[in-house]
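Descriptive structure summary
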Amino acid sequence: MRIVFMGTPDFAVPCLKALIDDGNDVIGVFTQPDKPKGRGYTLTPPPVKVTALENNIEVYQPSTFKDGKAFEILKELAPEMIVVVAYGKILPKNVLDLPQYGCINVHASLLPEYRGAAPIQWAVLDGKTKTGVTAMYMDVGLDTGDMLLKYELEIGENETADELHDRLSQAGAELIVEVVHGAKAGTLKREKQDDSQSCYAKMLSKEMSKIDFSKSAQEVHNKVRGLNSWPSAVAELNGKRMKIHRTVITEGKGEPGQVLSLSPLVVACGEGAVEMTEIQPEGKKKMPSKAFVNGLHGADPKELKFS
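Each chain has its residues counted from 1, running along the sequence as written. Selection of residues for local features in this predicted model requires a pLDDT of at least 70, selection of side-chain atom pairs for listing and counting requires 80 or more, and totals for whole chains, interfaces and linings are taken over all residues. Note that water and hydrogens are dropped before the side-chain values are worked out from all heavy atoms of the structure.

**A short note on the nonpolar core**
Only buried Ala, Val, Leu, Ile, Met, Phe, Trp, Tyr and Cys residues count toward a nonpolar core, and they belong to the same one when joined by side-chain atoms within 4.5 Å. Whether a residue is buried, partly exposed or exposed follows from its accessible area with a 1.4 Å probe, protein chains only, as a fraction of its type maximum: under 20%, in between, or over 50%, in that order. If you look at the biggest cluster of nonpolar residues, it comprises 49 residues, and the most contacted ones within it are Phe5 and Ile176. The way it works is that DSSP assigns letters per residue, a run of H or I at least four long becomes a helix, a run of E at least two long becomes a strand, and they are numbered from the N terminus. Among the elements that make up this core, the one with the highest residue count is helix H6 (residues 161-185) (10 residues). In what follows, residue pairs with any heavy atoms lying within 4.5 Å of each other are defined as contacts. Residue contacts for phenylalanine 5: discarding those within four places in its chain leaves Ala12, Cys15, Leu16, Leu19, Val26, Gly28, Val29, Phe30, Val48, Val83 and Val85.

Set out below in structure tokens:
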């Protein structure tokens with residue numbers, strides 16, 4: 001099948017590779033413009049562009065669809081299907097109506113739950129035990145189109161959003177190949193979304209990072225997992241700021257934020273306690289909590305409190 005692929009970040013790469021490996025004719029890739037990154041602000045191509053160029057696929061990076069130029073390119077390419085995975089741009093109706101088999105989006109949630117920008121992170125933040133990916137026909141709404149296929153998976157008790165991201169990206173790759181085969185065979189069935197069951201996964205921000213230790217251990221643990229690796233959960237220990245990258249739930253009781261033990265590093269919450277297993281003091285690299293505790297040189301845990 002003649003396919004135009006639209007995507008930008010790492011999450012979209014397995015889908016692009018799967019379409020190529022399946023023998024489809026990926027005739028063009030649309031992705032976001034290169035952006036400056038790092039301390040030197042080096043202009044860096046999106047991961048999808050890198051993959052496309054490695055496979056000798058023409059890359060297009062329009063800054064907008066509003067001027068009609070991107071649509072003219074698409075008309076000339078004449079794709080039978082457009083596949084969209086984490087592209088980051090809204091497609092106008094003339095683009096949605098262009099391909100014979102429609103515009104298909106792979107979204108990292110079990111729709112209609114978690115429409116929007118950060119479905120993986122919010123599933124973890126909310127303490128969900130399962131999630132998945134959904135393939136759907138795109139319409140003019142935000143993740144509101146008719147659903148085609150779903151792939152469901154369990155979320156691990158200590159699994160971070162980053163780890164879940166990688167598993168879901170692979171699941172999406174399997175799903176999109178199945179959708180293409182179903183489209184060619186004429187076996188795809190549309191299912192309308194129940195809008196009454198929808199919720200939106202808003203973008204993450206650094207303002208969300210601060211841990212509230214008066215919350216339950218489960219809620220603190222979910223925040224640490226859900227904000228890993230960006231923007232990261234943060235806390236202060238005796239006035240020194242640090243990122244908390246990994247925790248596990250454990251037993252313990254005390255004033256919220258109070259260090260109950262240094263070996264292992266256990267901190268009391270409003271209900272229960274968490275063991276911090278990986279942390280990153282400000283200005284330093286992430287480290288096992290044991291290495292951090294060694295740097296405290298035998299401090300009395302009673303004098304240590306997170307806030």
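Still to come is the rest of the account.
**Side note on a nonpolar patch on the surface**
Note that patches include only residues with greater than 30% relative accessible area and no salt bridge, and the join distances are 9 Å for like charges and 5 Å for nonpolar side chains (Val, Leu, Ile, Met, Phe, Trp, Tyr). What sets the accessible areas is the Shrake-Rupley method with a 1.4 Å probe; for residues, cover comes only from the shown protein chains. The term salt bridge refers to a pairing of a side-chain nitrogen on Lys or Arg with a carboxyl oxygen on Asp or Glu at a separation within 4 Å. Together, Ile90, Leu142 and Tyr200 make up an exposed nonpolar region whose accessible area comes to about 330 Å². If you trace the backbone, leucine 142 turns up in the loop between strand S9 (130-137) and strand S10 (147-154). For leucine 142, a relative accessible area of 42% translates into the label partly exposed.

**Digging into the packing of aromatic side chains**
Aromatic ring pairs: the centre-centre distance and the angle between the two ring planes describe each pair. Pairing of aromatic side chains requires ring centres within 6.5 Å, counting the rings of Phe and Tyr and the six-membered ring of Trp. Pairs whose planes differ by under 30 degrees are stacked, by over 60 edge-to-face, and all others tilted. A full pass over the atoms with the stated rule returns 4 aromatic pairs. One aromatic cluster is present, formed by Phe30, Tyr60, Phe65 and Tyr87 through successive ring pairs.

**So, the sheet that holds S9**
The mixed open sheet is built from 7 strands, whose spatial order is S5-S2-S1-S6-S7-S9-S10. At either margin of the open sheet sits one strand with a lone partner, and together these are strand S5 (59-60) and S10. In the sheet, S9 pairs with S10 via 7 bridges, with the strands oriented antiparallel. Within S10, the residue paired with glycine 132 across the bridge is glutamate 152. Here an axis means a line fitted to C-alpha atoms, over the contact stretch when the element is a helix, while the angle between two N-to-C directions is reported on a 0 to 180 degree scale. On the sheet, helix H3 (residues 69-77) packs against strand S1 (2-7), strand S2 (25-30), S5 and strand S6 (81-85) and is oriented at approximately 175° with respect to S2. Should DSSP find at least two bridges between two strands, the strands are taken to pair.

**Thoughts on the pattern of salt bridges**
For the structure shown, the criterion picks out 13 salt bridges. Residues glutamate 113 and lysine 128 are paired through a salt bridge, measuring 3.2 Å at the closest nitrogen-oxygen approach. Here lysine 128 lies in the loop between helix H5 (119-125) and S9 and glutamate 113 lies in the loop between strand S7 (103-107) and strand S8 (115-116), a separation of 15 residues in the sequence. According to the relative accessible area criterion, lysine 128 is partly exposed, its value standing at 30%. A salt bridge links lysine 130 to glutamate 152; the shortest N-O distance between them is 3.7 Å. Separated by 22 residues along the polypeptide, lysine 130 in strand S9 and glutamate 152 in strand S10 bring together distant segments of the chain. The exposure class of lysine 130 is partly exposed, given its relative accessible area of 41%.

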